[in-house]
Amino acid sequence: MEYGERLARFRQAHLNPFDKAPEQHERPEVPPAPERRPDPSPGDPEGSERPMDLGLAEDHFSRPVGLFLASDVRQLRQAIEECKRVILELPEHSERQKDAVVRLIHLRLKLQELQDPSEDEPNIRVILEHRFYKEKSKSVKQTCDKCSTIIWGLIQTWYTCTGCYYRCHSKCLPLVTKPCVRSKVSHQAEYELNICPESGLDSQDYRCAECRAPVSLRGVPSEARQCDYTGLYYCSSCHWNDLAVIPARAIHNWDFEPRKVSRCSMRYLALMVSRPVLKLREINPLLFNYVEELVEIRKLRQDILLMKPYFITCKEAMEARLLLQLQDRQHFVENDEMYSLQDLIDIEAGRLSCSLTEIHTLFAKHIKLDCERCQAKGFVCELCKEGDVLFPFDSHTSVCTDCSAVFHRDCYYDNSTTCPRCARLSLRKQSLFQDTSTEAEP
């Protein structure tokens, strides 16, 4: 018992306050003091009912999670009507009214997405050889080529022609009257090579060359704008003062300054810019006498054509696909006469000479250094029988036009009377002819 009494006293002296009985340490509940609210000011429309701005008040204009993110059109319409009512009740020019207006805009955009007529419209529309595809982008701002107004991709449906990149609203599709320029490029791929062939407004009956709207040089009823490519006059809806390089000025005057053209000419020139349809030797042969860059490009193209047979018969070159280095200018491996307008623009800017020189160096390195099969197809000068292996694209060589044999240039011109290979081939033919004739005799 003595031990138990001492243990009880110890426990009472070291009692944990959190283990105290509730009836011993319970305090009477004190009612909270009533909250004092400031007196309403005369200019405060909400009076004493305005909650304190402590970030704890309920935000009646927060994003309606169930409505704004829902796919129910009926609920969105109800939220829009409720938001309109709240905007009218709030004080004008207040921050809460501005937030409510922003919320209304978001709700309307969401409703527009759900009610987008694109769900009922086809993805492809074919009109006057245009192949219009419905655009999926909602954030790109474009300009309608028909009505000349902005296309708001977020709330409007619009189409783009895959051929000529003609853009317009879905509502403007039935109003399109101009055929697709792609069809003209496919059937008649040629440029107007006369510089600004103007015929006058009277020949157009003082009307736009495209939409036939009345035009005048005085701007009444519409300003007449001349297209520097066709020489015709257009209204402001068909001529937006777009700038483009005129092919005729580039070929005849080597002038690459962009000029104002109509929308139709702009699309046509954009589609034709990479097509090799310009034969400079026939259109303006004197141009090579005045533009040194053209002579350099012509020599590089001729060398590439001489390299082409090596690559076609070389397995390593075919596996490496060396000829794909010129996939953007496929006509460079087909002939050395045809040029595109983009070729002339790059020649004037100095870009084509640099890029073509790099490709020429890469091709020559494969033939003369990297590939043993291509090296074995080289030539030895049969006139002097000295020097290294020669190739037809070397700068110091000459090629026989009849047998394609390669010689040193100096040797070839010094002994230009007879080509040794041609003489040898002719003797072989004569001997074969004599053998066949002797066998035919009885």
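Read on for an overview of the structure. For clarity, every value in this text was computed on a predicted model and none was experimentally measured.

This next bit is on the packing of helix α11 (residues 292-312) against helix α14 (residues 351-370). For the pair α11 and α14, interaxial distance at closest approach is 10 Å and the crossing angle is 30°. If you check the angle between α11 and α14, you find them roughly parallel. For the crossing formed where α11 meets α14, the hand is left-handed. Contacts from Glu296, Ile297, Leu300, Arg301, Asp303, Ile304, Met307, Tyr310 and Phe311 in α11 reach Leu352, Ser353, Leu356, Thr357, His360, Phe363, Ala364, His366 and Ile367 in α14. A per-class count over the contact of α11 with α14 returns 11 nonpolar, four polar and three charged.

Let's shift gears to the pairing of strand β5 (residues 158-161). Judged by which residues are buried, β5 turns out to be covered on both faces: Trp158 and Thr160 on one side and Tyr159 and Cys161 on the other are all buried. The pairing of strand β2 (residues 130-134) with β5 spans three bridges and is antiparallel. From the neighbouring strand, tyrosine 133 faces β5, where its bridge partner is threonine 160. Sheet topology note: the β5/strand β6 (residues 167-169) ladder contains three bridges and is antiparallel. When the bridges of β6 are listed, tyrosine 159 appears paired with cysteine 168. Between the end of β5 and the start of β6, which pair antiparallel, lie five residues, with tyrosine 165 showing a positive phi angle near 60°.

Rules used throughout
- Residues numbered from 1 in each chain as written.
- Predicted model: local features only at pLDDT ≥ 70, side-chain atom pairs only at ≥ 80, totals over all residues.
- Heavy atoms only, no water.
- Axes fitted to C-alpha atoms, helices over the stretch in contact; angles between N-to-C directions.
- Helix = DSSP H or I, 4+ residues; strand = E, 2+ residues; numbered from the N terminus.
- Parallel < 35°, antiparallel > 145°, perpendicular 65-115°, else oblique.
- Left-handed = near helix turned anticlockwise from the far one by under 90°.
- Contact = heavy atoms within 4.5 Å.
- Nonpolar A, V, L, I, M, F, W, Y, C, P; charged D, E, K, R; others polar.
- Buried < 20%, exposed > 50% of the residue type's maximum accessible area, 1.4 Å probe, protein only.
- Pairing = 2+ DSSP bridges.

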